[in-house]
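Next come the chains, spelled out residue by residue.
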Amino acid sequence: MSNGVTFYFMRHGETIFNHNGQMQGWSDAPLTAKGIEQARASGRGIADIHFDAVYSSDLHRTQETLRYVLDENHHKDHYEVQLMKELREVFFGSFEGQPASNLFGAVDEHLLAAGIDVKKMDKPIEMPKLLKLVKHLDPEHLAENYLEFWDRIESGLLVLLNKHAGTNQKILIMSHGMAISNLIHGLVADFEGNQPLANCSLSIVEYRDGQFRLNAFNQTNHFIYDK
């Protein structure tokens with residue numbers, strides 16, 4: 001069998017913005033007590049894994065989560081975390097920090113005016129269309145559309161592949177819910193998962209022979225809570 005590389009994508013722990021239902025892309029909020037325990041529980045579940053490299057979005061909530069995760073790892077003294085702004089969450093522009101209901105209410109109203117009732121749709125609106133609409137609805141038009149988001153995160157992925165493809169290494173990547181989900185949708189053929197990623201969940205992607213294979217998605221059954 002040829003050599004490959006396995007990426008362990010983890011979403012950050014719960015933040016105050018998550019708890020309050022606020023939009024959180026490039027804006028940041030500290031972890032809640034629950035978020036800290038999620039990070040530790042997820043870290044305990046992968047404590048025996050020796051990662052050959054560790055990467056993180058440069059936002060505070062991912063770095064904070066990663067500190068708690070690695071604190072539980074049995075090989076923590078060997079890691080040097082590398083920060084990448086390419087791994088940031090989607091940027092929501094003027095909607096950052098606002099209640100999520102403001103954004104999605106505006107999306108629903110816009111679609112309804114165009115004759116589309118979201119409540120009657122068979123499946124959620126596709127992400128490229130959603131992000132295009134968010135940028136349109138943003139009064140300052142600062143929000144990322146899908147092409148802007150994908151160009152950014154794909155450039156980060158190419159850096160990782162150029163460095164680690166064919167090494168048989170295990171790479172831990174701390175990132176964000178929409179960033180990870182959209183990355184997987186873009187890489188893995190026939191992937192149709194659309195559930196939101198749980199905080200500190202793992203999604204494991206293997207790259208081998210020029211193909212991406214999803215080995216786990218939104219996994220939380222590895223959590224080990226301190227009793």
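Above this text is the structure in question.
Residue positions are given per chain, counting from 1 as you read along its sequence in written order. Selection of residues for local features in this predicted model requires a pLDDT of at least 70, selection of side-chain atom pairs for listing and counting requires 80 or more, and totals for whole chains, interfaces and linings are taken over all residues. As a rule here, side-chain values come from all non-hydrogen atoms in the structure, and water together with hydrogens is ignored.

## Some points on the nonpolar core
Across soluble globular proteins, you tend to see nonpolar side chains buried next to one another. In this structure, Phe 7, Tyr 55, Phe 149, Ile 173 and Phe 212 are the most contacted members of the largest nonpolar core, which totals 40 residues. Going along the chain from the N terminus, every DSSP run of H or I of four or more residues is numbered as a helix, and every run of E of two or more is numbered as a strand. For this core, the element with the most residues is helix α6 (residues 146-164), which contributes seven residues. Discounting chain neighbours no more than four positions away, the residues touching Phe 149 are Val 90, Leu 131, Glu 144, Met 178, Ala 179 and Asn 182. Among buried residues, those of type Ala, Val, Leu, Ile, Met, Phe, Trp, Tyr and Cys that are joined through side-chain atoms within 4.5 Å constitute a nonpolar core. The buried label applies to any residue whose accessible area, calculated with a 1.4 Å probe on protein chains only, is under 20% of its type's maximum; exposed applies above 50%, and partly exposed to all values in between. Counting 19 residues, the second-largest nonpolar core is a separate cluster that includes Tyr 8, Ile 49, Val 54 and Met 174. We call two residues contacting when some pair of their heavy atoms lies within 4.5 Å.

## Some details on empty space enclosed by the protein
Every definition here rests on a 1 Å grid over the protein atoms only: cavities are sets of points where a 1.4 Å probe fits but cannot get out, pockets are open sets enclosed by protein on both sides within 12 Å along at least five of seven lines, and lining residues have some atom within 4 Å of a point. Grid points are joined across faces, edges and corners, and a volume is the space filled by probe spheres set on the points. On inspection of all chains with the given rule, the structure shows one cavity of 30 Å³ or more. Its volume calculated, the largest cavity comes out at about 30 Å³. Lining the largest cavity, in full, are Phe 9, Leu 87, Ile 153, Ile 173, Ser 175, Ala 179, Ile 180 and Leu 183. Of all the secondary structure elements, the ones that give two or more residues to the lining of the largest cavity are β4 (169-175) and α7 (177-187). When residues of the lining of the largest cavity are assigned to their parent elements, the largest contribution, three residues, is made by α7.

## Re the side chain of Thr 65
Relative to the helices and strands, Thr 65 resides in helix α3 (residues 60-71). If we skip the residues at most four places from it in the chain, Thr 65 touches His 12, Gly 13, Leu 31, Ala 39, Met 174 and Cys 200.

## What about the sheet that holds strand β3 (residues 81-84)?
Think of a sheet as strands paired side by side through backbone hydrogen bonds, with each pair either parallel or antiparallel. Strands qualify as paired when DSSP identifies two bridges or more between them. In space, the six strands of this open sheet follow the order β3-β2-β4-β1-β5-β6, with mixed pairing throughout. Strands with a single pairing partner mark the edges of an open sheet, and in this sheet they are β3 and β6 (211-219). Direction aside, neighbouring strands of the sheet carry axes that sit 20° apart on average. Bridging between strand β2 (residues 53-57) and β3 involves four bridges; their strand directions are parallel. From the neighbouring strand, Tyr 55 faces β3, where its bridge partner is Gln 82. Working convention: axes come from line fits to C-alpha atoms, limited for helices to the stretch in contact. Angles between N-to-C directions cover 0 to 180 degrees.

## Observations regarding the pairing of β6
Direction of pairing for strand β5 (residues 202-208) relative to β6: antiparallel, over a ladder of six bridges. Each residue of the ladder has a partner; that of Val 205, found in β6, is Leu 214. Where β5 folds back onto β6 in an antiparallel hairpin, the turn is made up of two residues, including Asp 209, whose phi is positive at roughly 55°.

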